[in-house]
Amino acid sequence: MSSFKKGGIFILSSPSGAGKTTLVKKISKNRNFSVSVSHTTRSPRPNEKNGKDYFFISKNNFKKLIKKGEFLEHAKVFDNYYGSSKKLVNEKINKGKNIVFDIDWQGTRQIKNKSIKCKVLTIFILPPSKSELLKRLLKREKKNMKTVKKRMKEFKKDLLKWKEYDYVVINDKLNQCYRKIMKIIKNKNETIYDKKFISQHVKRLLN
Ligand code: ADP
Ligand code: 5GP
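Now for a look at the structure at hand.

Every one of the 16 residues lining ligand 1 counts as a neighbour, but Gly17, Thr21, Thr22, Arg140 and Asp172 are closest to it. Contact distances for ligand 1 include 2.4 Å between an oxygen atom and a side-chain N or O atom of threonine 21. Relative to its unbound accessible surface of 570 Å², ligand 1 loses 81% to contact with the protein. For the shell around ligand 1, the elements supplying multiple residues, two or more each, are helix H1 (20-27) and helix H5 (130-140). Across the shell around ligand 1, the residue classes break down as three nonpolar, seven polar and six charged.

Below you can see the structure in the form of structure tokens.
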């Protein structure tokens, strides 16, 4: 990544259903913020649009893009491939945009291990409770139990990655959570969060 102006990379990760996509969309409405639209091999949900929510492509095409080195990071999540385009990210960074990523812990690790010449800040989102997470997944997946079960099964594994992130925020009331995140983003490294409280919350979620 060369000749960047002033943009930063802000990564949001969470167990599926905790609300990161909703939050990323809200953050991207701010001036000079933009979402990194990922490529995926999963099928679109009824409300999702190609090029806006994701670039929906076949597994074959995804593998071709990997071979050509087109991804800044990529990972297999819930039997599908997901990746962030190097070119699209570079374009935005070079324009001085702040880019918000909705990616999993594998992709976050990859980005953190790269020498990127702009600020990278990582935020992990937690649900208020396991029952609320299930409720959100059931609502979003229109009670498709196979998908809901698969995502709930991965929940604990994903949850344990919270320690790898710079900040952890609980998404109970959406607007409150959004305001906390914007404060973190604006204050950059000056905000602190209560690690002990979060650790206890994670313990409750794991029970
Ligand atoms: P993720 O991207 O983490 O998998 P989504 O953003 O798709 O999660 O959110 C899952 C579902 O929960 C969506 O239907 C969304 O509208 C809803 N949701 C997100 N945040 C909240 C919240 N704070 N309170 C209630 N529902 C929420
Ligand atoms: P979903 O299918 O619910 O949209 O996303 C499933 C998971 O894949 C989520 O954890 C989401 O953050 C992650 N994901 C989405 N896009 C990318 C990406 O480009 N790279 C990586 N590593 N993960 C992604």
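Negative phi is the rule for most residues except glycine; trans is the rule for most peptide bonds. Here asparagine 32, not a glycine, exhibits a phi torsion of approximately 70°, which is positive. The residue asparagine 32 is located in the loop between H1 and strand S2 (33-35) in this model. Its relative accessible area of 25% is what places asparagine 32 among the partly exposed residues.

Quick look at the sheet that holds strand S3 (residues 38-40) now. Strand order in this open sheet of four strands is S4-S3-S6-S5, and the pairing throughout is mixed. Both edges of this open sheet fall to strand S4 (54-56) and strand S5 (71-77), since each of them pairs with a single strand only. Averaged over all pairs of adjacent strands, the angle between their axes in this sheet comes to 25°, without regard to strand direction. With two bridges connecting them, S3 and strand S6 (residues 80-85) associate as antiparallel partners. Each bridged residue has a counterpart across the sheet, and for threonine 40 the counterpart in S6 is tyrosine 82.

Moving on to the sheet that holds strand S1 (residues 8-13). Reading across from one edge, S2-S7-S1-S8-S9 is the order of the five strands in this open sheet, with parallel pairing throughout. Because the sheet does not close on itself, it has two edges, and the strands there are S2 and strand S9 (167-170). Strand-to-strand twist across the sheet, computed as the mean angle between neighbouring axes with direction ignored, equals 25°. Across four bridges, S1 lies against strand S7 (residues 98-102) in parallel orientation. Considered in S7, the bridge of leucine 12 is made with aspartate 102. Against the sheet, helix H4 (residues 105-112) engages S1, S7 and strand S8 (119-126), with an angle of about 155° to S1.

With respect to the helices and strands, the residue serine 16 is situated in the loop between S1 and H1. Separated by 3.2 Å, the side chains of serine 16 and arginine 140 make a polar contact. Of the polar contacts made by the side chain of serine 16, one reaches the side chain of arginine 151; its length is 2.8 Å. With residues near it in sequence (within four places) discarded, serine 16 still touches Phe78, Leu133, Leu137, Arg140, Arg151 and Asp158.

Attention now goes to the nonpolar core. In this structure, Leu12, Ile27, Ile123, Leu126 and Ile181 are the most contacted members of the largest nonpolar core, which totals 36 residues. Elements with a contribution of two residues or more to this core: S1, H1, S8, H5, helix H6 (145-159), S9, helix H7 (174-187) and helix H8 (195-206). Ranked by residue count, the leading element in this core is H7, at six residues. Residues contacting leucine 126, with those up to four places away along its chain left out, are Ala18, Leu159, Val168, Val169, Ile170, Asn171, Ile198, His201, Val202 and Leu205. One finds Ile93, Ile99, Phe101 and Ile111 within the second-largest nonpolar core, a separate group that totals eleven residues.

Cut-offs used in this document
Residues numbered from 1 in each chain as written. Chains lettered and ligands numbered in written order. Predicted model: local features only at pLDDT ≥ 70, side-chain atom pairs only at ≥ 80, totals over all residues. Heavy atoms only, no water. Near = heavy atom within 4 Å. Polar contact = N/O pair within 3.5 Å; in protein donor to acceptor, adjacent residues only side chain to side chain. Areas by Shrake-Rupley, 256 points an atom, 1.4 Å probe, with all protein chains shown as cover. Helix = DSSP H or I, 4+ residues; strand = E, 2+ residues; numbered from the N terminus. Nonpolar A, V, L, I, M, F, W, Y, C, P; charged D, E, K, R; others polar. Buried < 20%, exposed > 50% of the residue type's maximum accessible area, 1.4 Å probe, protein only. Pairing = 2+ DSSP bridges. Axes fitted to C-alpha atoms, helices over the stretch in contact; angles between N-to-C directions. Contact = heavy atoms within 4.5 Å. Core = buried A, V, L, I, M, F, W, Y, C linked by side-chain atoms within 4.5 Å.

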